[in-house]
Amino acid sequence: MSRFVAVSAAAALSPAEPCSKPEPKKFRQVIPLEDARPRLRVIPFRSGARPGHEALAPGEGCSLHIGLFDSRDAREEDRGALWLLYALHPGLGRHRVQESPRVRLSVWLLPDCPEDGGPLALPGLLCHEVPLCQPSCANEAQLVRAEAPPAGVSHGCYVAALPYAAVREGLARLGAAGAEAFSLAHLFHRRFRVLLELCAGDKVLSCDSTEVELYDLGRFGSLYQRVLDGLVRPDTDAQAARRGAWGLFSMAHHPWYPVLTIGMDKARLYLEAIESDVSRHTTHLPDPRWLVRVGLYLELLTVLGILEAVRDEYPDLLSAEERHQLETAPALAPIRERLDVAAWREVWELRHIAVPSRQQWWGRVVEAGNLLRKQRATLAFLEAHHEDLERALELAGPALGGTHATWLRVFQDAERAVLRNVDAVFPELRILPAQWREWVLWRECGDFVALGLGRLPEWLSRCVGDRGGLFASASREYRRSMNAVAHRARERGWMDYVGGECVPREVSLIEPRLGFERMLRAQRAESEAAGCRPAGAGLLGLVSK
């Protein structure tokens with residue numbers, strides 16, 4: 001049997017009758033047609049990403065969804081531009097673009113509401129050919145010319161720059177609709193639709209579009225400045241005229257002056273961060289558009305509420321055209337519905353300057369009681385202002401990437417503004433000796449050592465209305481108010497943060513200095529008891545400088 005098997009096996013393997021081997025299967029990759037064809041895709045905005053990031057970390061860049069320009073800048077050459085990052089795929093196989101691809105850009109001005117009509121094409125920005133550019137590795141905010149993807153590369157990312165000067169020129173050629181595009185009736189900003197087309201010859205191979213918002217920085221803060229120049233200044237003159245005190249005090253003595261000046265400086269600080277994020281591609285804020293929206297709606301709600309509250313006394317703070325826009329413009333309808341005129345009338349009642357009697361005018365201009373009036377007016381102003389802030393959060397909508405980091409930034413900018421403007425907004429402190437001035441600025445609640453009264457328990461001192469020195473009171477009251485607004489906004493789904501407080505005490509810029517002052521007081525008390533010079537006195541002088 002074994003011999004038969006061996007012969008059979010030998011016969012099976014003999015060359016006369018070769019064994020048929022199975023042929024290997026041929027695999028063929030199936031690529032969807034939409035992936036093989038040339039295509040262009042706009043990369044949308046992502047929280048914490050910027051177009052310039054694509055240069056150093058491919059795949060980490062994104063488009064901007066907000067642009068900022070200044071209408072006060074009359075220069076013909078405005079180099080600012082809004083960057084749109086897009087991915088370019090030249091196609092595969094027989095679908096691949098054989099000639100050099102071209103990219104065209106078209107822009108339309110969008111209406112505020114459907115009743116205003118359809119989109120308006122901007123002259124000069126229809127089928128406008130844009131060069132293939134990429135962010136520079138040496139400078140993320142600078143573009144360099146680039147070539148189309150070579151034959152061995154499947155795709156590449158490029159930037160289409162939308163120049164602000166071209167947008168302004170196109171709006172000017174639209175006539176009346178373009179001239180008033182960024183007026184009060186449109187909330188100082190407009191939306192635009194941008195279309196990018198991938199072309200080969202005269203044929204459009206692929207296209208994609210996105211919507212962007214442009215804001216006029218030249219009008220930001222203009223309403224706050226109008227309140228300062230058109231309301232606070234004439235009211236100061238009127239109070240001086242009624243009391244026969246011409247030249248004895250200035251607008252800086254008005255109870256509304258500190259909160260308006262510090263608030264405007266705070267807005268300038270965070271606008272600088274926003275402008276840096278947009279133009280230099282920094283990442284101070286996760287979503288700069290959200291803060292721009294909140295700041296804009298807050299300015300409109302606050303200032304228009306004030307102007308309506310004082311309309312009987314000062315009817316000309318709005319021009320006839322602006323008054324008509326306020327009463328009829330569709331874009332201002334959400335603002336009109338949320339104005340709290342009654343609250344601002346109550347705050348306006350706290351505008352009176354504390355002027356000493358004629359016998360006290362010699363040697364000092366305004367008594368220290370004016371500081372208390374400023375404090376009361378500031379707290380009342382912030383209460384009404386932050387009620388408007390909640391309404392602004394509702395109108396601004398959700399933020400991309402969360403709101404916690406932005407809220408902390410705004411709080412710290414407010415503290416910076418207080419520290420930078422204290423000399424300008426509190427001229428009453430100039431008549432005080434340096435030691436008393438430091439005590440007024442930096443003392444804590446219950447600290448009456450400078451008056452020879454020692455220290456009182458904080459709970460007892462608060463019962464008599466003591467809120468501490470100027471810096472301590474300003475920081476803690478503002479932090480308390482911002483935390484209250486954030487808490488209510490989180491309950492309504494407008495903000496998100498983790499923990500019990502959105503702005504904890506540890507992020508304050510003023511609290512560490514107050515803690516340092518407490519340490520020095522304790523060291524001074526121990527040193528005085530020992531009859532020697534207090535430790536750290538030299539450091540205190542250095543910090544004060």
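Each chain carries its own residue numbering, running from 1 in the direction its sequence is written. Given that the model is predicted, a residue must reach a pLDDT of at least 70 before its local features are reported, and side-chain atom pairs must reach 80 or more before they are shown or counted; all residues, however, enter totals for whole chains, interfaces and linings. Remark: hydrogens and water are excluded; side-chain values derive from all non-hydrogen atoms of the structure.

Put simply, helix α6 (residues 222–243) and helix α7 (residues 257–279) touch, their axes get as near as 10 Å, and they point 155° apart. Between α6 and α7, the angle falls in the class roughly antiparallel. In the packing of α6 onto α7, the handedness of the crossing is left-handed. Note on element contacts: α7 touches α6 through Y257, L260, T261 and M264, opposite Y224, Q225, V227, L228 and V232. What counts as an axis is a line fitted to C-alpha atoms, over the stretch in contact for a helix, and the angles between N-to-C directions run from 0 to 180 degrees. Per the convention used, a helix needs a DSSP run of H or I reaching at least four residues, while a strand needs a run of E reaching at least two, with both numbered from the N terminus. We call two directions roughly parallel when the angle between them is under 35 degrees, roughly antiparallel when it is over 145, roughly perpendicular when it lies between 65 and 115, and oblique otherwise. The hand of a helix crossing depends on one turn: near helix anticlockwise from the far one by less than a right angle means left-handed, and clockwise means right-handed. We call two residues in contact when some of their heavy atoms are within 4.5 Å.

Time to look at the nonpolar core. Only buried Ala, Val, Leu, Ile, Met, Phe, Trp, Tyr and Cys residues count toward a nonpolar core, and they belong to the same one when joined by side-chain atoms within 4.5 Å. When accessible area is computed with a 1.4 Å probe and restricted to protein chains, residues below 20% of their type maximum are described as buried, those above 50% as exposed, and intermediate ones as partly exposed. Within the largest apolar cluster, 128 residues are counted, with the highest numbers of intra-cluster contacts made by F192, W256 and W407. With 14 residues, helix α8 (residues 288–309) is the largest single contributor of residues to this core. Setting aside residues up to four positions removed in sequence, W256 forms contacts with V227, L231, V232, I306, W344, V347, W348, R351, A377 and F381. Counting residues in hydrophobic clusters, the runner-up holds ten residues, among them I43, F45, A81 and L85.

Positive phi, normally seen in glycine, also occurs at F188, with a value near 65°. Residue position: F188 is located in the loop between α5 (176–179) and β10 (189–200). A positive phi angle, close to 60°, is found at H281, a residue other than glycine. You can call H281 buried: its relative accessible area is 4%.

Scored by pLDDT, the chain has a mean of 83; 78% of the residues are at 70 or more. For every residue, the predictor states its confidence as a pLDDT score lying anywhere from 0 to 100. With pLDDT under 50 throughout, residues 1–17 is counted as low confidence; its partners more than four residues away or in other chains account for one contact. Counted against residues more than four places away or in other chains, residues 533–545, with its pLDDT under 50, gives 18 contacts.

Turning to its location among the elements, E299 is positioned in helix α8. Only four residue types enter the tally: Lys and Arg on the positive side, Asp and Glu on the negative side; His and the chain ends are excluded. The term salt bridge refers to a pairing of a side-chain nitrogen on Lys or Arg with a carboxyl oxygen on Asp or Glu at a separation within 4 Å. Within the buried set, E299 has no salt-bridge partner at all; the shortest N-O distance to an opposite charge, 8.4 Å, is to R226. Here a polar contact means two N or O atoms within 3.5 Å. Within protein one must be a hydrogen donor candidate and the other an acceptor candidate, and residues neighboring in sequence count only if both atoms are side-chain atoms. Polar contacts involving the side chain of E299 include one to the main-chain amide nitrogen of L223, which spans 3.1 Å. Excluding residues that lie within four positions of it along the chain, E299 makes contacts with R219, F220, G221, S222, L223, Y224 and L304.

On to the pairing of strand β11 (residues 203–216). Here strand β2 (residues 66–69) runs beside β11; their pairing, made up of four bridges, is parallel. Bridging from a neighbouring strand, I66 pairs with E213 of β11. Any two strands with at least two DSSP bridges between them are considered paired. Linking two consecutive strands that pair antiparallel, namely β10 and β11, is a turn of two residues; a positive phi of about 70° is found at G201 within it.

In this section: the pattern of salt bridges. Scanning the entire structure with this criterion turns up 31 salt bridges. The closest approach of N and O atoms between R50 and D277, which form a salt bridge, is 3.2 Å. Of the two residues, R50 is situated in the loop between β1 (39–42) and α3 (53–56) and D277 in helix α7; the sequence distance between them amounts to 227 residues. The same class applies to R50 and to D277, which are both buried.

Two residues of an α-helix separated by three or four positions point the same way, owing to the 3.6 residues in each turn. Here a helix's expected span is defined as the number of its residues, less one, multiplied by 1.5 Å. Taking 1.5 Å per residue as the helical rise, helix α13 (residues 404–425) with its 22 residues ought to reach 32 Å, and the 30 Å between its terminal C-alpha atoms agrees with that figure. In this analysis the local bend is the angle between axes fitted, respectively, to the seven residues ending at and the seven residues starting at the residue. At L419, α13 is bent by approximately 35°, the largest bend along its length.

A few words now on the packing of helix α11 (residues 341–348) against helix α12 (residues 369–396). Viewed as axis vectors pointing N to C, α11 and α12 meet at an angle of 170°, and their least axial separation amounts to 9 Å. Considering the angle they form, α11 stands roughly antiparallel to α12. α11 and α12 meet at a crossing whose hand is left-handed. Taken together, the residues of α12 that come into contact with α11 (itself represented by A343, W344 and V347) are A377, A380, F381, A384, H385 and D388. A per-class count over the contact of α11 with α12 returns seven nonpolar, one polar and one charged. Amino acids outside the nonpolar list (Ala, Val, Leu, Ile, Met, Phe, Trp, Tyr, Cys, Pro) and the charged list (Asp, Glu, Lys, Arg) are all regarded as polar, and Gly is one of them.

This part is about α6. With 22 residues, α6 extends 31 Å from end C-alpha to end C-alpha; this agrees with the ideal 32 Å at 1.5 Å per step. Looking at α6, one finds that the buried residues are L223, Y224, V227, L228, L231, V232, D235, T236, Q239 and A240. In this structure, the buried residues of α6 make contact with α7, α8, α11 and α12. Among the residues trailing α6, G244 stands out with phi positive, at a value near 65°.

A word on a negative patch on the surface. Where like charges cluster on the molecular surface, the negative patch consists of E346, E349, E383 and E387. Looking at where E346 falls in the secondary structure, it is placed in helix α11. Put simply, a patch holds well-exposed residues, over 30% relative accessible area, that have no salt bridge, with like charges counted together within 9 Å and Val, Leu, Ile, Met, Phe, Trp or Tyr side chains within 5 Å. Using the Shrake-Rupley algorithm and a 1.4 Å probe, accessible areas are obtained, with residue cover drawn only from the displayed protein chains. By convention, the point assigned to a charge is CZ for Arg, NZ for Lys, CD for Glu and CG for Asp.

This paragraph deals with the packing of aromatic side chains. Ring geometry is summarised as follows: Phe, Tyr and Trp rings, the Trp one being its six-membered ring, pair when their centres sit within 6.5 Å, and such pairs are stacked at plane angles under 30 degrees, edge-to-face over 60 and tilted between the two. Counted according to the given criterion, the structure contains ten aromatic pairs. Ring centres 6.4 Å apart and planes at 45° place the aromatic pair Y215 and F220 in the tilted group. Each member of the pair, Y215 as well as F220, is classed as buried. Pairing W442 with F471 gives two aromatic rings, centres 4.5 Å apart and planes at 55°, and the pair type is tilted. One end of the pair, W442, is in helix α14 (residues 434–442); the other, F471, is in helix α16 (residues 470–491), with 29 residues separating them in the sequence. Exposure class is identical for W442 and F471. Each is buried. Three or more aromatic residues joined by ring pairs form one cluster here, namely W256, W344, W348 and F381. Here, a charge over a ring means that NZ of Lys or CZ of Arg falls within 6 Å of the ring centre while also lying within 35 degrees of the ring normal. Sitting over the face of the ring of Y497, R490 holds its NZ or CZ atom 4.0 Å from the ring centroid. One Lys or Arg, R513, reaches over the ring of W442 and ends 4.1 Å from the middle of that ring.

Relative to the assigned elements, H386 resides in helix α12. The buried category is assigned to H386, whose relative accessible area is 4%. For H386, the contacting residues outside a window of four places in its chain are Y478, S481, M482 and V485.

Let us look at the environment of S250. Tracing the sequence through the fold places S250 in the loop between α6 and α7. Considered as a pair, S250 and D237 are 13 residues apart in the sequence and their alpha carbons are 8.2 Å apart.

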